[in-house]
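# Understanding the architecture of this molecule
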Amino acid sequence: MKQINIGMVGYKFMGKAHSHAYRDLHMFFPKVAKPGMKLICGRDEAGVAQAAEQFGWEGYVTDWRELLQRDDIDVIDINAPSDAHKEIALAAAKAGKHLFCEKPLALTLEDSRDMLQAAEAAGVKHMVGFNYRFAPAVQLAKKLIDEGRLGQIYHFRAWFLQDWIVDPDFPLVWRLQKEIAGSGSHGDLGAHLIDLSHYLIGGMSEVIGMSETFVKERPMPTSMTGLSAKGSKDAPKGPVTVDDATLFLSRFENGALGSFEATRFAPGHRCTNAFEINGSKGSVKFDFERMNELQVYFTDDAEDVQGFRRVLATDPAHAYMDAWWPAGHTIGYEHTFVHEVVELMQALEQNRQPVPNFVDGVKCQEVLEAVDRSIAERRWVRIDEV
């Protein structure tokens, strides 16, 4: 089988997730092109050298520009902090490399449009990392909607709740700094909800929102990795420049109504990424903390047995599951990234754009920016205004 070689920028939380996907892909999807784990890049040499050995990369570099000079690298995987996405993507596209970039696509809508334009001008393939689309239960929800089994869609309500920064002494990690992250819960968590709604329901026409930063200052960190950090509560403090929580309402182009809540201040919720969809013929409910299950309700069930049924989306009939374990044997978070890479590898083999791609990233960024404008101006904002 053809091998498609990867050069990856980033080696922490998402770097580990992507590396795991590249390593395990061919074991379970042997007919898909094999990812070649050529080089991993990070600024801290000791850290990236350890990651290269631990994750299984052939080598490492400390300057991402070296990846672009290699003729044996086909794809640049960008999972560094958001402020680095645009520069790397533009240079990689110009060098003729295909692109796989984590979400949100960029710090701003303008930057995301620049990235899409550069990729299209260069004629390279591009993918954005909305991994939750690739849970088989979410794929099942999409199938039920597309087949009309839920009827006309009336409501999409979604919430992504975490609690990892509730402690006011938790350090000021980069995700709490606007110049690096772009936004807080809105762009980090809300972006996933927005993309799921686009995937399942369709585009939005207008939004109205509100947000709050509950803790205005935090101690400076001494170290940070992923969603964890170390520091002293007595350390000098810096300002939190992103939202801690953002909520918004939306109208969809098809007439459905939407509600969205993203917060890092929901004690007891480690990673509650959930949605409910109501239609004229039924409803579905999904919660990523029970990611193998989809709750399904149909209005035409007999009255004496009506109610939500629990569907375990682990049978060969469900997306991707024929490659994994016997029915009933569940999969986990990391497998959504494997499925993401299946799509990337297949798209490159078939000479087509993978989905979701930078077009989807820009659509998500449009909603993020429209909500921000709504909050600033305290009014409904149409998506086509941005």
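- In the annotation of an unreviewed UniProt entry, the entry for the chain reads Dehydrogenase, and the organism field reads Paenibacillus rigui.

### Let's talk about the sheet that holds strand β15 (residues 272-279)
- Pairing is mixed across the open sheet formed by 9 strands, whose spatial order is β18-β17-β16-β15-β7-β14-β13-β8-β19. Looking along the sheet, the strands with just one partner apiece sit at the ends: β18 (309-312) and β19 (381-382).
- Looking at chain direction, strand β7 (residues 153-161) and strand β14 (residues 257-263) are connected through 7 bridges and run parallel. Within β14, the position partnered with Trp-159 by the bridge is Glu-261.
- Strand contacts of helix α10 (residues 358-377): β8 (204-212), β13 (245-252) and β19, with the helix running at about 55° to β8, the strand carrying the most contacts.

### Observations concerning empty space enclosed by the protein
- Per the counting criterion, the structure on display carries 1 cavity of 30 Å³ or more.
- Of the pockets and cavities examined, the largest cavity occupies roughly 30 Å³.
- Every residue lining the largest cavity is listed: His-186, Gly-190, Leu-193, Thr-246, Phe-248, Phe-260, Glu-261 and Ala-262.
- Among the elements of the structure, α8 (185-200), β13 and β14 are those that each provide at least two residues to the lining of the largest cavity.
- Classifying every residue of the lining of the largest cavity by side-chain character gives 4 nonpolar, 3 polar and 1 charged.

### Focus: the pattern of salt bridges
- Going through the model one piece at a time under the given rule, you end up with 25 salt bridges.
- Among the salt bridges present, the one from Asp-195 reaches Arg-133, with a minimum N-O distance of 2.7 Å. Taken together, the residues Asp-195 in helix α8 and Arg-133 in the loop between β6 (126-129) and α6 (136-146) connect sequence positions 62 residues apart.
- A relative accessible area of 1% means that Asp-195 is categorised as buried.
- One salt bridge in this structure joins Glu-147 and Lys-143, with 3.2 Å as the shortest N-O distance.
- Judged by its relative accessible area of 38%, Lys-143 falls in the partly exposed class.

### Overview of the packing of helix α5 (residues 109-122) against α10
- Two elements in contact, α5 and α10, have axes whose closest approach is 9 Å; the angle formed by their N-to-C orientations is 165°. Here α10 runs roughly antiparallel to α5, going by the angle between their axes. Where α5 crosses over α10, the two elements pack in a sense that is left-handed. Taking contact as the criterion, the partners of Leu-109, Ser-112, Arg-113, Met-115, Leu-116, Ala-119 and Glu-120 in α5 are, on α10, Phe-358, Val-359, Val-362, Gln-365, Glu-366 and Glu-369.
- By residue class, the composition of the contact of α5 with α10 is 7 nonpolar, 2 polar and 4 charged.

### Focus on the pairing of strand β2 (residues 34-41)
- Counting buried positions over the 8 residues of β2 gives 7, a clear majority of the element.
- As paired strands, strand β1 (residues 3-9) and β2 are joined by 7 bridges and run parallel to one another. When the bridges of β2 are listed, Val-9 appears paired with Cys-41.
- Following the chain from β1 across helix α1 (residues 13-28) to the adjacent parallel β2, one finds a crossover that is right-handed.
- In the classification by handedness, the crossover that spans β2, the intervening helix α2 (residues 45-55) and the parallel strand β3 (residues 59-61) is right-handed.

### Looking at the pairing of β14
- Sheet analysis places β13 next to β14, joined by 7 bridges and oriented antiparallel. Bridge pairing in β14 places Ala-245 opposite Thr-263.
- Between β13 and β14, which pair antiparallel in sequence order, lie 4 residues; one of them, Gly-255, sits at a positive phi of approximately 100°.

Cut-offs used in this document
- Residues numbered from 1 in each chain as written.
- Predicted model: local features only at pLDDT ≥ 70, side-chain atom pairs only at ≥ 80, totals over all residues.
- Heavy atoms only, no water.
- Pairing = 2+ DSSP bridges.
- Helix = DSSP H or I, 4+ residues; strand = E, 2+ residues; numbered from the N terminus.
- Contact = heavy atoms within 4.5 Å.
- Axes fitted to C-alpha atoms, helices over the stretch in contact; angles between N-to-C directions.
- 1 Å grid on protein atoms, 1.4 Å probe; cavity = no way out; pocket = protein on both sides within 12 Å on 5 of 7 lines; lining within 4 Å.
- Points joined across faces, edges and corners; volume = space filled by probe spheres on them.
- Nonpolar A, V, L, I, M, F, W, Y, C, P; charged D, E, K, R; others polar.
- Salt bridge = Lys/Arg side-chain N within 4 Å of Asp/Glu carboxyl O.
- Buried < 20%, exposed > 50% of the residue type's maximum accessible area, 1.4 Å probe, protein only.
- Parallel < 35°, antiparallel > 145°, perpendicular 65-115°, else oblique.
- Left-handed = near helix turned anticlockwise from the far one by under 90°.
- Right-handed = clockwise from strand over helix to strand, strands pointing away.

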